[in-house]
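Chain by chain, the residues:
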Amino acid sequence: MAGTVLALCVVVGIAPSAAQAAGASEDGRLPVVASFSILGDIVREVGGDDIRLDVLVGPMRDAHTFEPTPKDARALGRARVLVVNGLGFESWMPRLVEAAGFKGRTIEASRGVQPRRLDDEDEAHGHGSADHDHDHAHAGHGHDHGGVDPHAWQDLANGVIYARNIARGLAEADPVHAAAYEARAEAYVRALQQADADWRQRLAAIPADRRVLATSHDAFGYFGAAYGIEVLSVVGLSSEAEPSARAMADLVTRIRAHHIRALFLEQGGNARALQQIAAETGVKPGGALYADTLDLPGHEASTYLGMFHWNTQQLLQAFQAP
Ligand code: ZN
(Lines give C-alpha, C1' and ligand atoms only; values in the text may rest on other atoms or scores of the structure.)
Protein backbone atom coordinates (compact mmCIF):
# COMPACT_ATOMS: atom_id res chain seq x y z
CA MET A 1 0.00 0.00 0.00
CA ALA A 2 1.19 3.43 -0.80
CA GLY A 3 2.58 5.86 1.65
CA THR A 4 0.56 8.32 3.57
CA VAL A 5 1.68 11.42 5.30
CA LEU A 6 0.55 12.28 8.77
CA ALA A 7 0.69 16.02 9.00
CA LEU A 8 0.03 17.67 12.28
CA CYS A 9 -0.16 21.21 11.32
CA VAL A 10 1.11 24.29 12.98
CA VAL A 11 -1.42 25.28 15.57
CA VAL A 12 0.40 27.61 17.79
CA GLY A 13 -0.08 28.77 21.29
CA ILE A 14 3.25 30.41 21.71
CA ALA A 15 3.96 33.34 23.98
CA PRO A 16 1.94 36.35 22.92
CA SER A 17 4.06 39.03 21.38
CA ALA A 18 3.29 42.65 21.88
CA ALA A 19 0.80 43.92 19.35
CA GLN A 20 2.46 45.78 16.56
CA ALA A 21 2.50 49.51 16.89
CA ALA A 22 -0.84 50.81 15.80
CA GLY A 23 -1.02 52.58 12.47
CA ALA A 24 -2.00 56.19 12.26
CA SER A 25 -3.26 58.06 9.28
CA GLU A 26 -1.20 61.23 9.66
CA ASP A 27 1.07 60.14 6.82
CA GLY A 28 -1.84 59.88 4.42
CA ARG A 29 -1.77 56.12 4.25
CA LEU A 30 -4.99 54.22 4.69
CA PRO A 31 -5.06 52.61 8.15
CA VAL A 32 -5.98 48.95 7.74
CA VAL A 33 -6.26 46.09 10.22
CA ALA A 34 -6.08 42.46 9.10
CA SER A 35 -7.21 39.71 11.41
CA PHE A 36 -4.35 37.20 11.08
CA SER A 37 -0.93 36.75 9.53
CA ILE A 38 -1.83 34.98 6.27
CA LEU A 39 -4.48 37.53 5.43
CA GLY A 40 -2.07 40.27 6.49
CA ASP A 41 0.44 39.16 3.88
CA ILE A 42 -2.16 39.25 1.10
CA VAL A 43 -3.31 42.70 2.26
CA ARG A 44 0.30 43.90 2.26
CA GLU A 45 0.78 42.66 -1.31
CA VAL A 46 -2.32 44.49 -2.50
CA GLY A 47 -2.06 47.58 -0.32
CA GLY A 48 1.65 48.23 -0.73
CA ASP A 49 2.80 51.60 0.52
CA ASP A 50 -0.66 53.07 0.23
CA ILE A 51 -1.78 51.48 3.49
CA ARG A 52 -0.57 51.31 7.06
CA LEU A 53 -1.24 47.77 8.19
CA ASP A 54 -1.74 46.23 11.61
CA VAL A 55 -2.14 42.48 11.94
CA LEU A 56 -4.00 41.33 15.03
CA VAL A 57 -2.93 37.67 15.21
CA GLY A 58 0.70 37.79 14.17
CA PRO A 59 2.95 35.00 12.90
CA MET A 60 3.13 31.82 14.98
CA ARG A 61 0.08 32.70 17.01
CA ASP A 62 -3.18 30.79 17.09
CA ALA A 63 -6.08 32.65 15.51
CA HIS A 64 -8.55 30.08 16.82
CA THR A 65 -7.86 30.84 20.46
CA PHE A 66 -6.84 34.49 20.12
CA GLU A 67 -7.80 36.78 22.96
CA PRO A 68 -7.71 40.42 21.89
CA THR A 69 -6.11 42.95 24.19
CA PRO A 70 -6.97 46.62 24.73
CA LYS A 71 -4.05 47.40 22.43
CA ASP A 72 -5.76 45.47 19.62
CA ALA A 73 -8.95 47.41 20.29
CA ARG A 74 -7.03 50.69 20.03
CA ALA A 75 -5.46 49.62 16.72
CA LEU A 76 -8.83 48.68 15.31
CA GLY A 77 -10.37 51.87 16.66
CA ARG A 78 -7.92 53.91 14.56
CA ALA A 79 -8.44 51.83 11.40
CA ARG A 80 -10.65 52.76 8.48
CA VAL A 81 -10.66 49.26 7.00
CA LEU A 82 -10.83 45.84 8.65
CA VAL A 83 -10.00 42.74 6.60
CA VAL A 84 -11.32 39.44 7.91
CA ASN A 85 -11.33 35.92 6.51
CA GLY A 86 -14.98 35.26 7.31
CA LEU A 87 -16.52 31.76 7.17
CA GLY A 88 -16.67 31.85 10.96
CA PHE A 89 -12.90 31.93 11.40
CA GLU A 90 -12.64 35.00 13.62
CA SER A 91 -15.17 34.11 16.30
CA TRP A 92 -13.64 36.72 18.59
CA MET A 93 -14.06 39.59 16.13
CA PRO A 94 -17.60 40.87 16.85
CA ARG A 95 -16.70 41.60 20.46
CA LEU A 96 -13.48 43.31 19.43
CA VAL A 97 -15.27 45.45 16.83
CA GLU A 98 -17.70 46.55 19.48
CA ALA A 99 -15.00 47.20 22.07
CA ALA A 100 -13.02 49.20 19.53
CA GLY A 101 -16.00 51.21 18.38
CA PHE A 102 -14.90 50.40 14.85
CA LYS A 103 -17.11 52.15 12.30
CA GLY A 104 -15.08 51.63 9.14
CA ARG A 105 -15.39 49.29 6.22
CA THR A 106 -15.07 45.53 6.71
CA ILE A 107 -13.74 43.45 3.84
CA GLU A 108 -14.63 39.77 4.00
CA ALA A 109 -11.78 38.27 1.99
CA SER A 110 -13.47 34.91 1.43
CA ARG A 111 -16.62 36.38 -0.08
CA GLY A 112 -17.46 34.40 -3.19
CA VAL A 113 -15.45 31.26 -2.43
CA GLN A 114 -17.26 27.95 -2.53
CA PRO A 115 -17.45 27.04 1.17
CA ARG A 116 -16.69 23.52 2.31
CA ARG A 117 -18.46 21.80 5.13
CA LEU A 118 -16.17 20.36 7.76
CA ASP A 119 -17.59 16.93 7.07
CA ASP A 120 -17.20 17.15 3.28
CA GLU A 121 -14.02 15.14 3.41
CA ASP A 122 -15.79 12.18 4.95
CA GLU A 123 -18.36 12.21 2.20
CA ALA A 124 -15.68 12.61 -0.43
CA HIS A 125 -13.31 9.90 0.68
CA GLY A 126 -14.52 6.40 1.18
CA HIS A 127 -11.07 5.15 2.02
CA GLY A 128 -12.15 1.58 2.51
CA SER A 129 -10.91 1.60 6.06
CA ALA A 130 -13.35 0.43 8.66
CA ASP A 131 -11.82 2.62 11.32
CA HIS A 132 -12.26 5.77 9.26
CA ASP A 133 -15.79 6.53 10.21
CA HIS A 134 -17.89 9.38 11.40
CA ASP A 135 -17.43 8.53 15.05
CA HIS A 136 -13.83 9.54 14.78
CA ALA A 137 -14.05 12.44 12.45
CA HIS A 138 -13.36 15.86 13.83
CA ALA A 139 -13.46 15.08 17.50
CA GLY A 140 -10.85 17.10 19.27
CA HIS A 141 -9.86 19.43 16.46
CA GLY A 142 -10.77 22.45 18.50
CA HIS A 143 -12.75 24.15 15.77
CA ASP A 144 -16.21 25.52 16.12
CA HIS A 145 -17.31 27.10 12.89
CA GLY A 146 -20.86 25.87 12.70
CA GLY A 147 -19.78 23.14 10.31
CA VAL A 148 -18.23 25.49 7.73
CA ASP A 149 -14.53 25.01 7.03
CA PRO A 150 -12.89 28.45 7.23
CA HIS A 151 -9.46 27.46 5.84
CA ALA A 152 -10.25 28.51 2.27
CA TRP A 153 -6.82 30.16 1.79
CA GLN A 154 -5.24 26.71 1.51
CA ASP A 155 -6.45 26.65 -2.12
CA LEU A 156 -4.52 29.24 -4.15
CA ALA A 157 -7.52 29.72 -6.43
CA ASN A 158 -9.30 31.05 -3.36
CA GLY A 159 -6.26 33.23 -2.65
CA VAL A 160 -6.98 34.88 -6.00
CA ILE A 161 -10.52 35.64 -4.81
CA TYR A 162 -9.12 37.00 -1.54
CA ALA A 163 -6.70 39.32 -3.36
CA ARG A 164 -9.40 40.71 -5.64
CA ASN A 165 -11.88 41.20 -2.80
CA ILE A 166 -9.22 43.04 -0.85
CA ALA A 167 -8.32 45.22 -3.84
CA ARG A 168 -11.95 46.13 -4.42
CA GLY A 169 -12.52 46.95 -0.76
CA LEU A 170 -9.37 49.06 -0.45
CA ALA A 171 -10.24 50.90 -3.67
CA GLU A 172 -13.71 51.70 -2.35
CA ALA A 173 -12.27 52.98 0.92
CA ASP A 174 -9.46 54.92 -0.77
CA PRO A 175 -10.51 55.74 -4.36
CA VAL A 176 -7.48 57.96 -4.96
CA HIS A 177 -5.29 54.84 -5.01
CA ALA A 178 -7.79 52.52 -6.67
CA ALA A 179 -5.66 51.95 -9.76
CA ALA A 180 -2.61 51.08 -7.65
CA TYR A 181 -4.56 48.55 -5.57
CA GLU A 182 -5.92 47.01 -8.73
CA ALA A 183 -2.51 46.80 -10.42
CA ARG A 184 -0.78 45.27 -7.41
CA ALA A 185 -3.62 42.78 -6.95
CA GLU A 186 -3.45 41.64 -10.56
CA ALA A 187 0.34 41.22 -10.45
CA TYR A 188 -0.06 39.18 -7.28
CA VAL A 189 -2.90 37.15 -8.80
CA ARG A 190 -0.58 36.19 -11.66
CA ALA A 191 1.99 34.92 -9.15
CA LEU A 192 -0.69 32.94 -7.30
CA GLN A 193 -2.00 31.44 -10.53
CA GLN A 194 1.50 30.50 -11.64
CA ALA A 195 2.23 28.75 -8.33
CA ASP A 196 -1.16 27.05 -8.44
CA ALA A 197 -0.49 25.65 -11.91
CA ASP A 198 3.07 24.58 -11.05
CA TRP A 199 2.11 22.69 -7.92
CA ARG A 200 -0.99 21.17 -9.46
CA GLN A 201 1.23 19.71 -12.16
CA ARG A 202 3.92 18.46 -9.77
CA LEU A 203 1.44 16.84 -7.41
CA ALA A 204 -0.52 15.27 -10.27
CA ALA A 205 2.68 13.46 -11.26
CA ILE A 206 2.55 11.50 -7.98
CA PRO A 207 0.42 8.34 -8.11
CA ALA A 208 -2.96 9.11 -6.58
CA ASP A 209 -2.71 6.39 -3.95
CA ARG A 210 0.40 8.05 -2.52
CA ARG A 211 -1.26 11.42 -2.13
CA VAL A 212 -2.75 10.90 1.30
CA LEU A 213 -2.47 13.38 4.13
CA ALA A 214 -3.58 12.67 7.67
CA THR A 215 -4.22 15.57 9.94
CA SER A 216 -5.80 16.27 13.29
CA HIS A 217 -6.55 19.90 12.52
CA ASP A 218 -9.18 20.14 9.79
CA ALA A 219 -7.27 22.79 7.92
CA PHE A 220 -6.46 21.06 4.64
CA GLY A 221 -9.88 20.26 3.21
CA TYR A 222 -9.67 22.98 0.56
CA PHE A 223 -6.05 22.06 -0.14
CA GLY A 224 -6.92 18.41 -0.61
CA ALA A 225 -9.88 19.13 -2.86
CA ALA A 226 -7.86 21.53 -5.00
CA TYR A 227 -4.71 19.47 -5.43
CA GLY A 228 -6.03 15.92 -5.48
CA ILE A 229 -4.84 14.93 -2.02
CA GLU A 230 -6.89 12.68 0.18
CA VAL A 231 -7.20 14.14 3.66
CA LEU A 232 -7.82 11.75 6.53
CA SER A 233 -9.15 13.05 9.80
CA VAL A 234 -7.46 11.67 12.84
CA VAL A 235 -8.53 12.19 16.39
CA GLY A 236 -6.75 13.14 19.52
CA LEU A 237 -3.85 15.36 18.60
CA SER A 238 -5.31 18.81 18.55
CA SER A 239 -3.15 21.44 20.09
CA GLU A 240 -5.56 21.89 22.93
CA ALA A 241 -6.29 18.41 24.21
CA GLU A 242 -4.02 15.80 25.69
CA PRO A 243 -4.93 12.66 23.75
CA SER A 244 -6.47 9.81 25.67
CA ALA A 245 -4.84 6.39 25.68
CA ARG A 246 -7.62 5.21 23.40
CA ALA A 247 -7.06 8.06 20.96
CA MET A 248 -3.36 7.31 20.92
CA ALA A 249 -4.02 3.65 20.23
CA ASP A 250 -6.44 4.62 17.46
CA LEU A 251 -3.83 6.85 15.87
CA VAL A 252 -1.18 4.18 15.99
CA THR A 253 -3.61 1.74 14.35
CA ARG A 254 -4.39 4.23 11.60
CA ILE A 255 -0.79 5.08 10.96
CA ARG A 256 0.01 1.40 10.54
CA ALA A 257 -3.12 0.66 8.48
CA HIS A 258 -2.40 3.48 6.07
CA HIS A 259 1.33 2.89 5.93
CA ILE A 260 1.98 6.46 6.86
CA ARG A 261 5.65 7.20 6.31
CA ALA A 262 6.14 10.69 7.62
CA LEU A 263 4.95 12.50 10.70
CA PHE A 264 4.86 16.24 10.57
CA LEU A 265 5.30 17.65 14.02
CA GLU A 266 2.93 20.23 15.27
CA GLN A 267 4.63 23.32 16.61
CA GLY A 268 3.46 24.26 20.06
CA GLY A 269 1.11 21.31 20.19
CA ASN A 270 1.44 17.80 21.47
CA ALA A 271 5.04 17.22 20.52
CA ARG A 272 5.34 14.72 23.34
CA ALA A 273 2.36 12.70 22.12
CA LEU A 274 3.73 12.73 18.61
CA GLN A 275 7.14 11.59 19.76
CA GLN A 276 5.41 8.72 21.51
CA ILE A 277 3.51 7.81 18.34
CA ALA A 278 6.70 8.06 16.33
CA ALA A 279 8.38 5.71 18.77
CA GLU A 280 5.52 3.21 18.68
CA THR A 281 5.14 3.18 14.92
CA GLY A 282 8.75 3.66 13.91
CA VAL A 283 7.69 6.55 11.67
CA LYS A 284 10.25 9.31 11.57
CA PRO A 285 8.92 12.76 12.48
CA GLY A 286 9.30 15.27 9.69
CA GLY A 287 8.88 19.01 9.61
CA ALA A 288 5.71 20.98 10.03
CA LEU A 289 2.89 22.16 7.86
CA TYR A 290 1.49 25.62 8.28
CA ALA A 291 -2.27 25.75 8.55
CA ASP A 292 -3.45 29.01 10.07
CA THR A 293 -0.32 31.06 10.52
CA LEU A 294 2.77 32.27 8.75
CA ASP A 295 6.20 31.74 10.20
CA LEU A 296 8.30 34.54 11.64
CA PRO A 297 10.15 36.84 9.23
CA GLY A 298 13.27 35.25 7.79
CA HIS A 299 11.67 31.84 7.31
CA GLU A 300 10.43 30.51 4.00
CA ALA A 301 6.87 30.31 5.26
CA SER A 302 6.78 33.95 6.32
CA THR A 303 4.56 34.81 3.34
CA TYR A 304 1.38 33.25 1.97
CA LEU A 305 3.11 32.01 -1.18
CA GLY A 306 6.15 30.91 0.82
CA MET A 307 3.91 28.99 3.20
CA PHE A 308 2.18 27.27 0.31
CA HIS A 309 5.52 26.44 -1.28
CA TRP A 310 6.83 25.02 1.99
CA ASN A 311 3.74 22.88 2.65
CA THR A 312 3.54 21.43 -0.83
CA GLN A 313 7.29 20.79 -0.94
CA GLN A 314 7.11 18.91 2.38
CA LEU A 315 4.24 16.81 1.09
CA LEU A 316 5.81 16.19 -2.28
CA GLN A 317 8.97 14.91 -0.62
CA ALA A 318 7.00 12.63 1.68
CA PHE A 319 4.81 11.31 -1.15
CA GLN A 320 7.89 10.62 -3.27
CA ALA A 321 9.87 8.89 -0.52
CA PRO A 322 10.74 5.30 -1.47
ZN1 ZN B 1 -7.56 26.17 11.80
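For the structure itself, look to the data block above.
Anyway, here's the lowdown on the structure attached to this text. (Residues numbered from 1 in each chain as written. Predicted model: local features only at pLDDT ≥ 70, side-chain atom pairs only at ≥ 80, totals over all residues. Heavy atoms only, no water.)

Turning to the pairing of strand β3 (residues 51-57), a few remarks are in order. Where burial is concerned, most of β3 is hidden: 6 out of the 7 residues are buried. Pairing of strand β2 (residues 30-36) with β3 involves 6 bridges; the strand directions are parallel. Of the residues in β3, the one forming a bridge with P31 is R52. As for the winding sense of the linkage, the β-α-β connection from β2 through helix α1 (residues 37-47) to β3 is right-handed. (Buried < 20%, exposed > 50% of the residue type's maximum accessible area, 1.4 Å probe, protein only. Helix = DSSP H or I, 4+ residues; strand = E, 2+ residues; numbered from the N terminus. Pairing = 2+ DSSP bridges. Right-handed = clockwise from strand over helix to strand, strands pointing away.)

Turning our attention to the sheet that holds β3. Taken together, the 4 strands give an open sheet; going across it, the order is β3-β2-β4-β5, and neighbouring strands pair in parallel fashion. Strand pairing shows two members of the sheet lacking a second neighbour, β3 and β5 (105-108), which therefore form its edges. Averaged over all neighbouring strand pairs, the angle between strand axes comes to 20 degrees, with direction disregarded. Contacts between helix α2 (residues 70-78) and the sheet are confined to β2, β3 and β4 (81-84), with β2 contributing the most and set at about 135 degrees to the helix. In the packing of helix α5 (residues 156-173) onto the sheet, the strands contacted are β2, β3, β4 and β5, and the crossing angle to β5 comes to about 165 degrees. (Axes fitted to C-alpha atoms, helices over the stretch in contact; angles between N-to-C directions. Contact = heavy atoms within 4.5 Å.)

A few words on the packing of aromatic side chains. Considering all chains together, one arrives at 9 aromatic pairs under this definition. With 6.0 Å between their ring centres and 85 degrees between their planes, F220 and F223 make a pair best called edge-to-face. Of the two residues, F220 and F223, both sit in the buried class. An aromatic cluster is defined as three or more aromatic residues linked by ring pairs; in this entry it consists of F220, F223, Y227 and F308. Residue placement shows R202 over the ring face of W199; its charged tip is 4.5 Å from the ring centre. (Phe/Tyr/Trp six-rings, centres within 6.5 Å; stacked < 30°, edge-to-face > 60°. Lys NZ or Arg CZ within 6 Å of the ring centre and 35° of its normal.)

Looking now at the side chain of N85. If you trace the backbone, N85 turns up in the loop between β4 and α3 (93-100). Overall, the relative accessible area of 0% leaves N85 in the buried class. A polar atom in the side chain of N85 sits 3.0 Å from the backbone oxygen of P150. Filtering out sequence-adjacent residues up to four positions away, N85 remains in contact with S35, F36, L39, E90, E108, A109, S110, P150, W153 and Y162. (Polar contact = N/O pair within 3.5 Å; in protein donor to acceptor, adjacent residues only side chain to side chain.)

Here we come to the environment of P207. Its place among the elements puts P207 in the loop between α6 (178-204) and β8 (212-215). Exposure remark for P207: the relative accessible area of 44% places this residue in the partly exposed category. Each C-alpha atom of the pair P207 and F319 lies 8.8 Å from the other, and the pair is 112 residues apart in sequence.

This next bit is on the packing of α1 against α6. Their axes nearest at 7 Å, the elements α1 and α6 cross at an angle of 125 degrees. The angle between the axes of α1 and α6 places the two elements in the oblique class. Listed contacts from α6 to D41, I42, E45, V46 and G47 of α1 are Y181, R184, A185 and Y188. Each residue belonging to the contact of α1 with α6 can be placed in one class, and the counts come to 5 nonpolar, 1 polar and 3 charged. (Parallel < 35°, antiparallel > 145°, perpendicular 65-115°, else oblique. Nonpolar A, V, L, I, M, F, W, Y, C, P; charged D, E, K, R; others polar.)

Right, let's talk about the environment of W92 for a bit. With respect to the helices and strands, W92 occurs in the loop between β4 and α3. Along the chain, W92 and T65 lie 27 residues apart, while their C-alpha atoms are 8.4 Å from each other. With sequence-adjacent residues up to four places away left out, W92 is seen in contact with S35, L56, V57, A63, F66 and P68. Within the structure, the side chain of W92 is placed 2.8 Å from the backbone oxygen of A63, a separation counted as a polar contact.

Further remarks concern the nonpolar core. V32, V83, I166, L170 and Y304 are the most contacted members of the largest nonpolar core, which totals 75 residues. Residue contributions to this core peak at 9 residues, all from α5. The residues contacting I166, other than those within four sequence positions of it, are L39, I42, V43, V46, V83, I107 and A109. Counting residues in each nonpolar core, the second largest holds 7 residues, with L251, V252, A273 and V283 among its members. (Core = buried A, V, L, I, M, F, W, Y, C linked by side-chain atoms within 4.5 Å.)

With that settled, the discussion passes to unusual backbone geometry. Most peptide bonds take the trans form, and the phi angle of most residues other than glycine is negative. Positive phi values are uncommon outside glycine, yet M60 reaches one of about 65 degrees. Along the chain, M60 turns up in the loop between β3 and α2. Look at M60 and you get buried, because its relative accessible area is 7%. At L87, a position not held by glycine, the phi torsion is positive, near 60 degrees. Following the sequence through the fold, L87 ends up in the loop between β4 and α3. A relative accessible area of 19% places L87 in the buried class.

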